[in-house]
Each structure stands twice: as structure tokens, then as C-alpha cells.
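# What the coordinates show
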Amino acid sequence: MIRTTSSANLSGSCYSNMLKMLLGVRSLKAWAFRMLDASAKFGSGILDGVTTDFGAYEQCLNIIVLNKRSKKEDFRGKYCTMKINPNFPAPSAPLDPRLHDTVFGEIKEALTFLSSLNYFVGLCIPSTCSTEDAEKLAKAALQDIVQVAVPHCEIKTETKLNAEQIGVLSIHGTLILLVIIGTTLDLWKQYQPKKNTNESKTSKPWKENILDIFKSFSLYTNVKQLLNTKVGSGNLGVLHGFRFFTMCWVILAHTYMFPDFNFYSRLTDFRDAGKNISFLVVWNSWLQVDTFFFITGVTLTYTTLRKLERTNGRLDLVRYVVHRYWRLTPPLMLVISFMFLLPLISSGPFWTKFVEPQIQNCRDTWWANMFYFTNFIGSEKQCITPYWYLAADMQLYLISPIVLISFYRWPRIGMCLTIFGVLASCISVGAVTYWMDFTPSIVFFDVERVRDMNDYIHYMPYIHLSPYCIGLTMGYILLKYKNVKMKPATVIMGWIVTTISCAAVIFGAYDWINGVTPNVVIGLLYASVHRSVFALGLAWITFASVNGYGGPVNAFLSWKPL
């Protein structure tokens, strides 16, 4: 260790304190052993795909070394992340002769499929060492056998509020104060004796209006409404089940899809997971979001056409847009504001790699979320990536009045518009897939390809227009054709076709997810229609359940707690 430190050409203050640390180890000093212990070592499971050893992050940052004489701080622990790139050659390329007898030779055989990944190792050094010193030390230790860099180092510092955090905390504090006031006034009114009054309910005194405003912030009233499972007439209970289980599906799949692969252990198992056909529920889960587009289409038509019947076909477009914008935007922006508070809440070895860029994106592009076109600015610039869905949903919502008014006044034209929307969506997906040479569905372990398929396909509103239009059509059918009678053979055939087609959509991607290149025609056909087929399956389940042919499926999906 002394030889390595001596040959690394470190700065004077760094070299002296590194030497002090090594002498401390020789003298069995507790702080020196804690610093050595906080650095990562070669861990277990490297050959099975463990690519990261964080070391002891908190232990390193909590080390403080005092001067014996002055009792003042000499230095403290600095945690650095060391990035190692073994430069694995392609499977067909020869291995560098220098690596044949090293552990990287075997890693090459086991982990060639992870050639795009780096290896991250935690390093604990004295705080007087700069990031450049840490990189010199790492290169001297590894003797230039592999490429190594130290992208980030940090020490424990006192947290100070910046201007944006003060502003966000002020907003949240104001909301908390309103909740306290609203809850107090609401409970106070609940226990007041009721007074008999002949005053018209349509003209409340100004005090009552103010009280109602504060009551809208009441924790008591809002929690009671949130937990209320009573439903009104015309409720489509099956959609609640769709929504609940799709949310569970989204959480399950995103747990695997979006964290960096360096977080995982035993990546060779992860690579082979695609060979287990049941794991396609995760591998091929990108169409989960189309359930929500379908649900939105159904409920939008179902509720709007009922309003049009009461207003003789008049649709207030300004109210239609403003109501939606006001319902979504304040909570959306409130969640974005929490991003700026994250540095006050937590930290970690990969914080600067993953969280800080997201916070910076929110500083730069928060306005794109506010105006609902964040799905067009690219995934690298998005603030809170899942908000692409709200943008695409709003874009489809803004064009839906054309179909809604047509359904009310000219139903055949409305049907033609939705059919055209489905065909246009399918053709556009096929065209983009062919033009960009994409696989029929997104395949992991190719980070750039996944990013491109997200930007050009998954985030685009016209891609999800097909399930949206199928939902709009189903909402119209449910409203206009009630208590439909079907023959038992029709019902049985409907459930069989739906089960087979939805299963084929999810599990049909097995071959190309495992590296088999699909036939061009079959690949384009799957890419073009699989979202539509899945949405049609949801449409049948909805139609059958509402008309009394859902059986246990409807009973399960309509269960009130969902």
C-alpha cells in the first residue's frame, strides 16, 4: 500500500494524510481501520454478475481524525465512487493477452452480455485528497490493466437550505397550515348543534362560503371520502379492478426496468430470466400503460355523453379543458416540488449519478410538465420520467371532443373516427418500427435502444391512440346498448378468444426477447397491433362484466376495496 501511494504522484496534503492513515493501521488505530474497512474489497459473486461494491458509505463519512496536540480536525473521511471499465471485447473478438490469466478473463466468458456496464467500487480516503488524487491512486493500484475513473467524491457537510428549498417548504408549510385550520373548523362544525333556518340553501352567507373553502382542506372530510367505497348508479366496477392491478403491475415491472443494472446482484440470473416464460410479465410489460388509456377512453365517453344528454348536445369546451387542467396540474407541480427537498432527506453512493440529474432536469424543464408536452423533449431531459403519461393523456384528451360530439350527434361518423384512429395508430407504430429498425417490443440490456424506443414509440400519444379510441368506443357502446343478451356459445367464445389473444400478446415475444431475430412481417405485425389486441381484450372483459356475463371475473375486479 505504501509503494502504491508513493508511486501515485499525489498532492502533498493527500500524500501525508494517506501515509498517516497507513501508519495508523500499523499502530492499530481505530479510525484508520474504520477508513480501511469502509473501502470496498473484492466481494463475492463477481463471476455471477455482482458489479458493485459500495463499501461502507456512512461509516466513511462519519470518520473524523483529530490532531493530537491542537485537538482540531486534521481531516475526515471522503467517500469516492471508483468506476472500472474492463473493456470486454465482443464475443467474437480475441481477449487482450494481458487479461488471459486474470479474473477478467473468466468474467469475459461469463459477462460478455454486460459489456456496456461499468463496475463501481466505493473508496474511502482522507478529505485532503482531491478527486484527481483518488483517480491517480486507483490507477496506480490497478496498474492500467483496466480503465478506471473517479467521477465523484464527497464529504459530510452541514445541510443548508437554498432559496428554492425555502420556497418549496414555505408552500408546503402553508398547505399544512390550511389542513390544520380546515380540519379544526370542520370538526368544530361537526359538533355544533344544528340550527333550524329558513334561509335558502342556494344563497349561503359569506361566512359559510369561507368555511366551505377551508373545509376542502379538512383531513377529516377528505380521508372519509377517500376511504368511502359507496358507488353511484352507472358505476363501472370492473374498471376499478383494472386500475388497481395495473398499478401493481406497473410497480413490479418498473422495479426491474428502470434502476441501473449495477444495483443488482447475480446479473447472470437476470440475463437468463427471459428463458422463464412467466418472467415475460415483467420483460414484456410495456403495454401495461395502455390499460390506463383504455380506462380513460371508457370513462370519458361514458360520463361526457351523459352530460351532453342533459345539455342537449352543448359541450362547454373552455370548462372541459380548464377543469381537467386544474384537477391535474396543482398536484403534479406539488410532487415536482418535492424533488428539490430530496437532498434534505437522503443521500447515498449513487446519489449524484441518479438523483441529482433528475433534480437538475426539474430545474430546467419543470415548465414542460406544466404545459403537458414533456413526452416530446426526450427521456434524458424529462423531470420525473413517468409524467410522460400525463402529457400523452392530456394531448389525447384535447382532441377527444371531436369524437365525443360526433358520437352524440352522428354516431356513425363517431365510429368511423375511432376506427380511423385505431388504424392510424397501428400504421404509425409499424412505420416507426421499420424506419428505426426496432424490435417488435422493447428488449433489455441495450440501454441506447431502450431509450430510443421510449422516445420514438412508448412516450408518443399517437402510439396509444388505438387503445384510447377502443376505450372511447366501448364507453359509447356501454351507454347506448344496455342489458345486452348473448347466447352461451357467444359468451364462451368471447372469453376463450380474449384469454388466448391477451396471453399471446404478453408471451408471444418470448423468442426475440431471448435473442431470436423475428421474421420481418411477423415482427411488424406484432409491433403494429399488439396494443390494439390487448385493448380489445379489456373491452370484452368490460362489456361482458357490465352486461352480467363476467361471473367470478367481474366479482373479483369489482370488489369494493379495490
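In what follows, the structure referred to is the one given above.
A brief report on the enclosed structure follows. All values reported here derive from a predicted model rather than from experimental measurement.

### A word on the overall build of the chain
A tally of helices and strands in the chain yields 24 helices and five strands. Taken along the three principal axes of its C-alpha coordinates, the chain extends 85 × 70 × 40 Å. Counting over 562 residues, the chain shows a buried share of 43%. Contacts in the chain between residues far apart in sequence, at least 24 positions, make up 75% of those at least 6 positions apart. Of the accessible surface of the chain, which amounts to about 31,200 Å², a share of 63% is contributed by carbon and sulfur atoms. Taking the average location of the 52 positive side-chain charges in the chain and that of its 37 negative ones, the two points are 12 Å from each other.

### Structural notes on the packing of helix H21 (residues 488-507) against helix H23 (residues 520-546)
Relative to each other, H21 and H23 sit at 145°, their axes nearing to 9 Å. At the point where H21 passes H23, the crossing takes the left-handed sense. Two secondary-structure elements touch here, H21 through Thr490, Val491, Gly494, Trp495, Thr498, Ser501, Cys502, Ala504, Val505 and Ile506 and H23 through Tyr526, His530, Val533, Phe534, Gly537, Trp540, Ile541 and Ala544. Of the residues contributing to the contact of H21 with H23, the split by class is 12 nonpolar, six polar and no charged.

### Quick word on the environment of threonine 473
Of note, threonine 473 is situated in helix H20 (residues 465-480). When the C-alpha atoms of threonine 473 and alanine 539 are compared, they prove to be 9.2 Å apart, with 66 residues separating the residues in sequence. Sequence-distant contacts of threonine 473, defined by excluding residues within four places in its chain, comprise Phe407, Met415 and Thr418.

### Focus: the pairing of strand S3 (residues 73-85)
Bridge count between strand S2 (residues 64-66) and S3: three bridges; the pairing is antiparallel. Paired with leucine 66 across the two strands is glutamate 73, which belongs to S3. Counted between consecutive antiparallel strands, the loop separating S2 from S3 contains six residues, among which lysine 71 sits at a positive phi close to 60°. As paired elements, S3 and strand S4 (residues 119-126) share eight bridges and run antiparallel to each other. Looking across to S4, one finds that lysine 83 is bridged to phenylalanine 120.

### Digging into the pattern of salt bridges
Tallied over the entire structure, the rule returns nine salt bridges. Between aspartate 37 and lysine 41 there is a salt bridge; the shortest N-O distance is 3.4 Å. Accessibility expressed as a relative area gives 45% for lysine 41, which makes it partly exposed.

### Some remarks on the side chain of threonine 221
With respect to the helices, strands and loops of the structure, threonine 221 is situated in helix H9 (residues 219-226). For threonine 221, a relative accessible area of 11% corresponds to the buried category. Reaching out from threonine 221, the side chain makes a polar contact with the side chain of aspartate 186 at a distance of 2.3 Å. Contact partners of threonine 221, with chain neighbours within four places excluded, come to Asp186 and Lys215.

### Remarks on the nonpolar core
Of all hydrophobic cores here, the largest spans 96 residues; its most connected members are Phe242, Phe293, Phe294, Ile336 and Phe534. Counting 35 residues, the second-largest nonpolar core is a separate cluster that includes Cys14, Val25, Val148 and Cys153.

### Quick notes on helix H17 (residues 388-409)
In this model, H17 (22 residues) spans 33 Å end to end at C-alpha, consistent with the 32 Å of a helix rising 1.5 Å per residue. Roughly 40° is the biggest bend found in H17, and it falls at isoleucine 399, with proline proline 401 one to four residues downstream. The buried fraction of H17 is high, at 16 of 22 residues.

### Quick word on the packing of aromatic side chains
In total, this model carries 22 aromatic pairs according to the counting rule given. Pairing phenylalanine 293 with tryptophan 388 gives two aromatic rings, centres 6.5 Å apart and planes at 40°, and the pair type is tilted. Linking phenylalanine 293 in helix H13 (residues 288-310) with tryptophan 388 in helix H17, this pair joins segments that are 95 residues apart in sequence. Between phenylalanine 438 and tyrosine 456, the ring centres sit 6.4 Å apart and the planes meet at 50°, which makes this aromatic pair tilted.

### Details of the state of the cysteines
Applying the stated rule across the entire model yields four disulfides. Disulfide pairing is shown between cysteine 80 and cysteine 153; the S-S distance is 2.0 Å. Here the disulfide of cysteine 80 and cysteine 153 is right-handed, its torsion about the S-S bond being about 110°. Of this pair, cysteine 80 sits in strand S3 while cysteine 153 sits in strand S5 (residues 147-154); the two residues are 73 residues apart in sequence, bridging distant segments of the chain. One exposure class covers both cysteine 80 and cysteine 153, and it is buried. Cysteine pairing for the chain, with bonded cysteines counted in sequence order: 1-5, 2-4, 3-6, 7-8. In this model cysteine 248 remains outside any disulfide bridge; the closest cysteine sulfur is found in cysteine 502, 18 Å from its own. Given the relative accessible area of 38%, cysteine 248 is considered partly exposed. Note on cysteine 469: no disulfide assigned, nearest cysteine sulfur contributed by cysteine 426 at a separation of 10 Å. A residue is classified by how much of its surface remains accessible, and cysteine 469, at 5% relative accessible area, is buried.

### Describing unusual backbone geometry
Leave glycine aside and you will find that most residues have negative phi; peptide bonds, for their part, are mostly trans. Look at lysine 71: it is not a glycine, yet its phi comes out positive at around 60°. Tracing the backbone shows lysine 71 in the loop between S2 and S3. At tyrosine 372, a residue that is not glycine, the phi angle is positive and equals roughly 60°. Along the chain, tyrosine 372 turns up in the loop between helix H16 (351-370) and H17. Residue classification places tyrosine 372 among the buried positions, given a relative accessible area of 5%.

### Points about the side chain of serine 337
Residue placement: serine 337 occurs in helix H14 (residues 317-339). Look at serine 337 and you get buried, because its relative accessible area is 11%. When residues no more than four places from it in sequence are discounted, the contact partners of serine 337 are Val168 and His172.

Reading the values: the criteria
- Each chain has its residues counted from 1, following the order in which its sequence is written.
- The model is predicted, so local features are restricted to residues of pLDDT at least 70 and side-chain atom pairs to those at 80 or more, both for listing and for counting; the totals for chains, interfaces and linings are taken over all residues.
- Side-chain metrics in this entry use all non-hydrogen atoms of the structure; hydrogen atoms and water are not considered.
- Elements are defined by DSSP. Helices are runs of H or I of four residues or more, strands are runs of E of two residues or more, and each kind is numbered from the N terminus.
- Partly exposed residues are those whose accessible area sits between 20% and 50% of the maximum for their type, while under 20% is buried and over 50% is exposed, using a 1.4 Å probe and protein chains only.
- The criterion used for residue contact is that any of the two residues' heavy atoms lie within 4.5 Å.
- Surface accessibility in these figures is a Shrake-Rupley result with a 1.4 Å probe; residues are shielded only by whichever protein chains are displayed.
- When charges are counted, Lys and Arg contribute as positive and Asp and Glu as negative, whereas His and the chain ends are disregarded.
- Charge coordinates come from a single atom per side chain, which is NZ of Lys, CZ of Arg, CG of Asp or CD of Glu.
- All axes here are fitted lines through C-alpha atoms, helices being fitted over the stretch that makes contact, and every angle between N-to-C directions spans 0 to 180 degrees.
- Definitions for this section: a left-handed crossing has its near helix turned counterclockwise from the far helix by less than a right angle. A right-handed crossing has that turn clockwise.
- Throughout this entry, Asp, Glu, Lys and Arg are counted as charged residues, while Ala, Val, Leu, Ile, Met, Phe, Trp, Tyr, Cys and Pro are counted as nonpolar. The remaining residues, Gly among them, count as polar.
- When DSSP finds at least two bridges between two strands, those strands are taken to pair.
- Throughout this description, the term salt bridge denotes a Lys or Arg side-chain nitrogen within 4 Å of a carboxyl oxygen of Asp or Glu.
- Between N or O atoms, a polar contact is any pair within 3.5 Å; within protein, one atom must be a potential hydrogen donor and the other a potential acceptor, and residues adjacent in sequence are included only when both atoms are from side chains.
- The term nonpolar core refers to a set of buried residues drawn from Ala, Val, Leu, Ile, Met, Phe, Trp, Tyr and Cys, joined through side-chain atoms within 4.5 Å.
- By this rule, a helix spans an expected 1.5 Å times one less than how many residues it contains.
- Take the seven residues that end at a residue and the seven that start at it, fit an axis to each, and the angle between those axes is the bend at that residue.
- Note on ring pairs: Phe, Tyr and Trp rings are taken, using the six-membered ring of Trp, and paired if centres are within 6.5 Å. Classes follow the plane angle, with under 30 degrees stacked, over 60 edge-to-face and the rest tilted.
- Cysteine sulfur pairs qualify as disulfides if the two atoms are within 2.5 Å.

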